[in-house]
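Secondary and tertiary structure notes
What follows is each chain in one-letter form.
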Amino acid sequence: MELVTTPKQDGFTFPAEFATQQAVWLAWPERQDNWRNDAKPAQQAFARVANAINRVVPVTVVVSERQQQEARDQLAPSVHVEVMTYNDAWMRDIGPTIVTNAEGEKRGISWRFNAWGGEFNGLYAPWSDDDKLAAKICERLGIDHYRAPFVLEGGAIHTDGEGTLYTTAECLLSPGRNPELSQDDIEQYLADYLGITKVIWLPKGLFNDETDGHVDNLLHVIAPGRVVLSWTEDINDPQYLISREALRVLVNSLDAKGRTIEVIKLPIPGPLYLQEHEAAGIAPSHGMKRHAGERLGGSYANFLMINKTVFLPELDSLTDSMAKSILQNALPDYNIVGIPTREVLLGGGNIHCITQQIPVGGAA
C-alpha cells in the first residue's frame, strides 16, 4: 500500500548497509544500447555477482519475460527469479530504499526516477517502468511504501545508520533532477524520508561518472565515523583534485553524533578505458554515449557489504590485491570476496549499483 505520511512521521529511519541484511535484489541486464554483444557478457557477470551473494543471503533477480529462461540457466537454483517490467538493470537506483523502525518493521521508499537527469541529461527514455519498479518490489515483499515527491537514486546516498547521510552536490543539485528545490529543501526531504539529522555534502563524485557523481562510486561508509574514499596520487589525473576536495570536507566535518570521520584511502583502478572491441558491440544510443577510448568510472568503493562479507569489484590486476588488502585491514572481521566485474563497469557502474539490500525486519 502507498502511504500518505512520511517515514519520519511514522518513526522509520534508513539503516546502514553494514547492519544485518535479510536479502539482496538485482535485475537482469539486456539493453543492447548499454550492454555489449546482446548483453551476454554482462549477464555472465551479473550471474557471478548474484550467485556469490546468494551464498550469504537469499537473492532475488528481476527479469523480463523474454529473458526468464536465460537468467534461470545461469543463476544458481536457489536464486529466486521474479518476472517484472523495467527499463535497465540498476537495482540500486530503481529498487526501493528500505527503512525500518525500532520494532523491526520494514517499509520501502519509491524515489522518483528519471534516468539520471530526465529531459535535461537523462541516459535513456522511456524510464517509466523503472520508476514503477520500487513499488512493485515492495508489493512482492509484502511491505507498505512511501512515494517520495522528488527525484533521487539509491546510489546517490550513503548512511551510517545513525543519522548521517553522505552525498554529492554534483548529483543532488544537478539541474536534471530537482531544479526547483534548494539545498535546504533537499536536506529537509532527506530528513523526512530517511530520518537523517546531518548531511555531509561532498562537492563532486568520481571523474566521468555519468550519473552526475553518485556518492557510491566515490565513497563507502564502512562503520559509524569511518569511510573509504576513492584516491589517486597521480597529480595529472582529474580524480586527484576531486578526491582531495572530498577529503577536505570529510576531515573538517563531524557526523550526526559529533564524531570526527576517519578516512581510509582506497586506490582507484587504472585509469581504465573502453576498448575498441567493447565499444563495437554496443548499439548506438541517443543518451548513453559509448566511444572507444572513453575513460570508465572504475572504482573499488562500489562494493556491497552484506553480513560481514564485502563483495568487491575486480577491475585491474595491478591494483585489485592492494584494494582487497586495504579493505581487509580496515574490516578484519569481514570476508572480502573479489568478483571480476569489468562487464558491469562497461555499462556505467558496479556491484553496489546493481544490488539493493533488504534489511532484517518483520515481513520478508
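A short tour of the structure in this document, coming up.

Definitions and limits used
- Residues numbered from 1 in each chain as written.
- Predicted model: local features only at pLDDT ≥ 70, side-chain atom pairs only at ≥ 80, totals over all residues.
- Heavy atoms only, no water.
- Helix = DSSP H or I, 4+ residues; strand = E, 2+ residues; numbered from the N terminus.
- Expected span 1.5 Å × (residues − 1).
- Buried < 20%, exposed > 50% of the residue type's maximum accessible area, 1.4 Å probe, protein only.
- Pairing = 2+ DSSP bridges.
- Axes fitted to C-alpha atoms, helices over the stretch in contact; angles between N-to-C directions.
- Contact = heavy atoms within 4.5 Å.
- Phe/Tyr/Trp six-rings, centres within 6.5 Å; stacked < 30°, edge-to-face > 60°.
- Lys NZ or Arg CZ within 6 Å of the ring centre and 35° of its normal.

Another aspect to go through is helix α8 (residues 183-194). The terminal C-alpha atoms of α8, which comprises twelve residues, lie 16 Å apart, in line with the 16 Å expected from a rise of 1.5 Å per residue. Buried residues of α8: Ile186, Leu190, Ala191, Asp192, Tyr193 and Leu194, and no others.

This paragraph deals with the sheet that holds strand β11 (residues 219-223). What the three strands build is an open sheet, ordered β11-β12-β13; its pairing is mixed. Of all the strands in the sheet, just β11 and β13 (262-267) have a single pairing partner and so form its edges. Strand-to-strand, the axes of this sheet are offset by a mean angle of 30°, without reference to chain direction. As paired elements, β11 and strand β12 (residues 226-231) share four bridges and run antiparallel to each other. Across the sheet, residue Val221 finds its bridge partner in β12, namely Val227. Across the sheet, helix α9 (residues 239-251) lies against β11, β12 and β13, angled at about 160° from β12, the strand it touches most. Against the sheet, helix α11 (residues 320-330) contacts β11, β12 and β13, and its axis sits at roughly 160° relative to β13.

Taken as a whole, this structure holds eight aromatic pairs when the rule is applied. Ring centres of Trp35 and Trp90 lie 5.3 Å apart, and the angle between their planes is 35°; on these two criteria the pair is classed as tilted. Of this pair, Trp35 sits in the loop between β2 (21-27) and α2 (40-53) while Trp90 is found in the loop between β4 (80-83) and α4 (91-94), placing the two residues 55 residues apart along the sequence. Each member of the pair, Trp35 as well as Trp90, is classed as buried. Grouping aromatic residues by their ring pairs yields a cluster made of Trp111, Phe150, Tyr189 and Tyr193. Lying over the aromatic face of Tyr124, Arg31 brings its terminal NZ or CZ to 4.4 Å of the ring centre. Directly above the aromatic system of Tyr240 lies the positively charged group of Arg244, at a separation of 3.5 Å from the ring centroid.

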